[in-house]
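Each chain, letter by letter, is given below.
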Amino acid sequence: MEGFPVGLALAMAMASFLLMEVSGENSPVGQFSGRHYSRQMRKMQAMKASLLRRDLVSLPPSSAAAPSPGIISSPVGSAPRVYLATSYGADPTGEADSTDSLLRALSEAFKGPSDGILMEGIANLGGARIDLEGGSYLISRPLKFPAVGAGNIKIHGGTLKASDNFPADGFLIDLSSSSSNQQNKNNQTAIDDQLISSSTYNYEFVTLRDLLLDSNYRGGGIAVINSLRTTIDNCYIAHFNTTGILIRGGHETLVQSSFLGQHITAGADHGERGFSGTAINIVSNDNAVTDVVIFSAAVGIMVSGQANILSGVHCYNKATGFGGTGIYLKLPGLTQTRIVNSYLDYTGIVAEDPVQLHISGSFFLGDAFIVFKSINGVARGVTVAGNMFSGSGKGVEIVQLDQSNGPFKEIDQVLVDGNNVNGMKMRSTVGRESAQGNGTSWSVDFNPILLFPNLIRHVQYSLQTAGGTFPVHALRNVTGNRVVIESNVAVPASVFVKVDQ
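Residues numbered from 1 in each chain as written. Predicted model: local features only at pLDDT ≥ 70, side-chain atom pairs only at ≥ 80, totals over all residues. Heavy atoms only, no water.

A. Quick peek at the environment of Lys394. With respect to the helices, strands and loops of the structure, Lys394 is situated in the loop between strand E25 (388–390) and strand E26 (399–402). It is 8.4 Å that separates the C-alpha atoms of Lys394 and Asp367, two residues lying 27 residues apart in sequence. (Helix = DSSP H or I, 4+ residues; strand = E, 2+ residues; numbered from the N terminus.)

In structure tokens:
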């Protein structure tokens, strides 16, 4: 059958079969219908299938294999977008200066193929990766991108250490708009020219992951300047003397699952009084710090932007008694910050003129407390609820007012309530007290519990007499956070009062 047309063979076989079945002596000619017809058709279909299978087996193999499902062949001349640090001469032992080598790797990544645009004016580098290969690299200058207007790039998997002559005001990784050196500016390729951005942001979707950054007490760790959707994940940043992570401008930077400390310690450090610097400084809107430990710095997190969220943060950077602050909110009158599920460990929170501030589900240990600091005397839209405070029994108040610049004058929608306290003094904007006596006047002093002085907005009370008398009674005074209730006749009675500010 080799070389014989398959279709012709099939037609001949079917015709022969049909002729034999119709003309055979046992075949009822003229009754080729019904069940007999169906049986014959099934036999023909089986024969057809068998011939087709034999034909497929006998076909020679194709000279070109069919493409596998889900596999897309790479275009001619393409290459993986992984840039190995050692391939550019970087020294993974940390003995030699690797600055220029790492900058060359960055430059090559920026010259790689572009997969279109992210935000307008931001070229998509396609997920290019600068792989530090688990090495430790000494650098004498900040690692800066060679041009602005690019994104979808990652630096990961190794250690960067500042040399002894690293600029004292620099950052190991600097995502700012300036070029890393003049030579890179003068040698722009066509793709580099394309990366000169018309975007309002410098970079988008930059990922810094699995890095240990040792600033060697020379400047800071990471600067994210006017960038969009940056991720700093699983990083250990130490020995900074300015700022561990600076976020300025831009928005939507995520700092997560990371550790920061000026000095490497696990608490109770004999040099804690001398801790300085700021671990994370956020001068930007719409960012998130999640599951981060700050173990040494004068200030754990400084926030000067709006609509930021801090969640799962553990600050034991420097005790309040030594002058430290866990979280400092420095945007008077426009705070818009949420602090949830965090752990303030012997260090507290300071909020200047808090407006739209939410603190809940957090644990304050070691007499750690919250301070509202008056700048222009405004506190509005504040919630401090559902937290735990644990102290030494010295009477430290859980929430305090700093009115050294003047009193709070504009107070509205401030709720401090529902917190549980052990070994510290409760403060609240809601008070519940009672008084008993036989007479015409009952006075309840709420100064020991209420947060703001001389401020009671609402009062609810009930008067329960011991006898059958039904006196006329009324609320007479709330001055000085003291509630006075009087009746027209002397009766033995108990008064139950609830107030809020």
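B. Up close: the environment of Ser276. Along the chain, Ser276 turns up in the loop between strand E11 (254–261) and strand E12 (278–285). Residue classification places Ser276 among the partly exposed positions, given a relative accessible area of 32%. On a C-alpha basis, the gap between Ser276 and Gly324 in space is 8.8 Å, while along the polypeptide they are 48 residues apart. Setting aside chain neighbours within four positions, we find Ser276 in contact with Gln262, Ala297 and Ala298. (Buried < 20%, exposed > 50% of the residue type's maximum accessible area, 1.4 Å probe, protein only. Contact = heavy atoms within 4.5 Å.)

C. View of the pattern of salt bridges. In this structure the tally under the stated criterion is 11 salt bridges. The closest approach of N and O atoms between Lys144 and Asp174, which form a salt bridge, is 3.7 Å. Taken together, the positions of Lys144 in strand E4 (residues 143–144) and Asp174 in strand E6 (residues 171–175) put the pair 30 residues apart, joining distant regions of the chain. Residue Asp174 is classed as buried on the basis of its relative accessible area of 10%. The shortest N-O distance in the salt bridge between Arg432 and Asp417 comes to 3.7 Å. Placement of Arg432 in strand E29 (residues 430–445) and of Asp417 in strand E27 (residues 410–417) is noted, with a sequence separation of 15 residues between them. (Salt bridge = Lys/Arg side-chain N within 4 Å of Asp/Glu carboxyl O.)

D. Quick peek at a nonpolar patch on the surface. Where nonpolar side chains cluster on the molecular surface, the patch consists of Leu118, Met119 and Phe205 and spans about 230 Å² of accessible area. By secondary structure assignment, the location of Phe205 is in strand E7 (residues 203–214). Accessibility expressed as a relative area gives 39% for Phe205, which makes it partly exposed. (Patch = residues over 30% accessible without salt bridge, like charges linked within 9 Å, V, L, I, M, F, W, Y side chains within 5 Å. Areas by Shrake-Rupley, 256 points an atom, 1.4 Å probe, with all protein chains shown as cover.)

E. Representation of the packing of aromatic side chains in the model. The full count for this structure, using the stated rule, is 7 aromatic pairs. Their ring planes at 90° and their centres at 5.0 Å tell us that Phe145 and Tyr203 sit as a pair that is edge-to-face. Taken together, the positions of Phe145 in the loop between E4 and strand E5 (150–162) and Tyr203 in strand E7 put the pair 58 residues apart, joining distant regions of the chain. Given the relative accessible area of 2%, Phe145 is considered buried. Aromatic side chains Tyr343 and Phe363 sit 5.4 Å apart centroid to centroid with 25° between the ring planes, which places their arrangement in the stacked category. Of this pair, Tyr343 sits in strand E19 (residues 343–345) while Phe363 sits in strand E22 (residues 363–365), and the two are 20 residues apart along the sequence. With relative accessibility at 24%, the residue Tyr343 sits in the partly exposed group. Here a set of aromatic residues connected by ring pairs shows up, and it is made of Phe110, Phe145 and Tyr203. (Phe/Tyr/Trp six-rings, centres within 6.5 Å; stacked < 30°, edge-to-face > 60°.)

F. Seen up close, the sheet that holds E4. Strand order in the open sheet formed by 10 strands is E4-E6-E8-E10-E12-E14-E17-E20-E23-E26, and the pairing between neighbours is parallel. The sheet terminates laterally at E4 and E26, the two strands that pair on one side only. Pairing of E6 with strand E8 (residues 220–225) involves 4 bridges; the strand directions are parallel. Paired with Asp174 across the strands is Ala223, a residue of E8. (Pairing = 2+ DSSP bridges.)

G. Local environment of the nonpolar core. Of all hydrophobic cores here, the largest spans 86 residues; its most connected members are Ile280, Ile301 and Phe372. Every residue in contact with Phe372, bar those within four places of it in the chain, is listed here: Ala351, Pro354, Leu357, Val382, Val384, Val399, Gln400, Leu401, Asp402, Phe408 and Leu451. (Core = buried A, V, L, I, M, F, W, Y, C linked by side-chain atoms within 4.5 Å.)

H. Layout of empty space enclosed by the protein. Inspection of the entire model under this criterion finds 1 cavity of 30 Å³ or more. By volume, the largest cavity amounts to about 40 Å³. The wall of the largest cavity is formed by Leu102, Leu106, Ile130, Leu132, Leu143, Ile155 and Leu160. Among the secondary structure elements, those contributing two or more residues to the lining of the largest cavity are helix H3 (99–111) and E5. Class assignment for the residues of the lining of the largest cavity results in 7 nonpolar, no polar and no charged. (1 Å grid on protein atoms, 1.4 Å probe; cavity = no way out; pocket = protein on both sides within 12 Å on 5 of 7 lines; lining within 4 Å. Points joined across faces, edges and corners; volume = space filled by probe spheres on them. Nonpolar A, V, L, I, M, F, W, Y, C, P; charged D, E, K, R; others polar.)

I. Structural context of H3. In this model, H3 (13 residues) spans 19 Å end to end at C-alpha, consistent with the 18 Å of a helix rising 1.5 Å per residue. Among all positions of H3, only Thr99, Ser101, Leu102, Leu103, Ala105, Leu106, Ser107, Ala109 and Phe110 are buried. (Expected span 1.5 Å × (residues − 1).)

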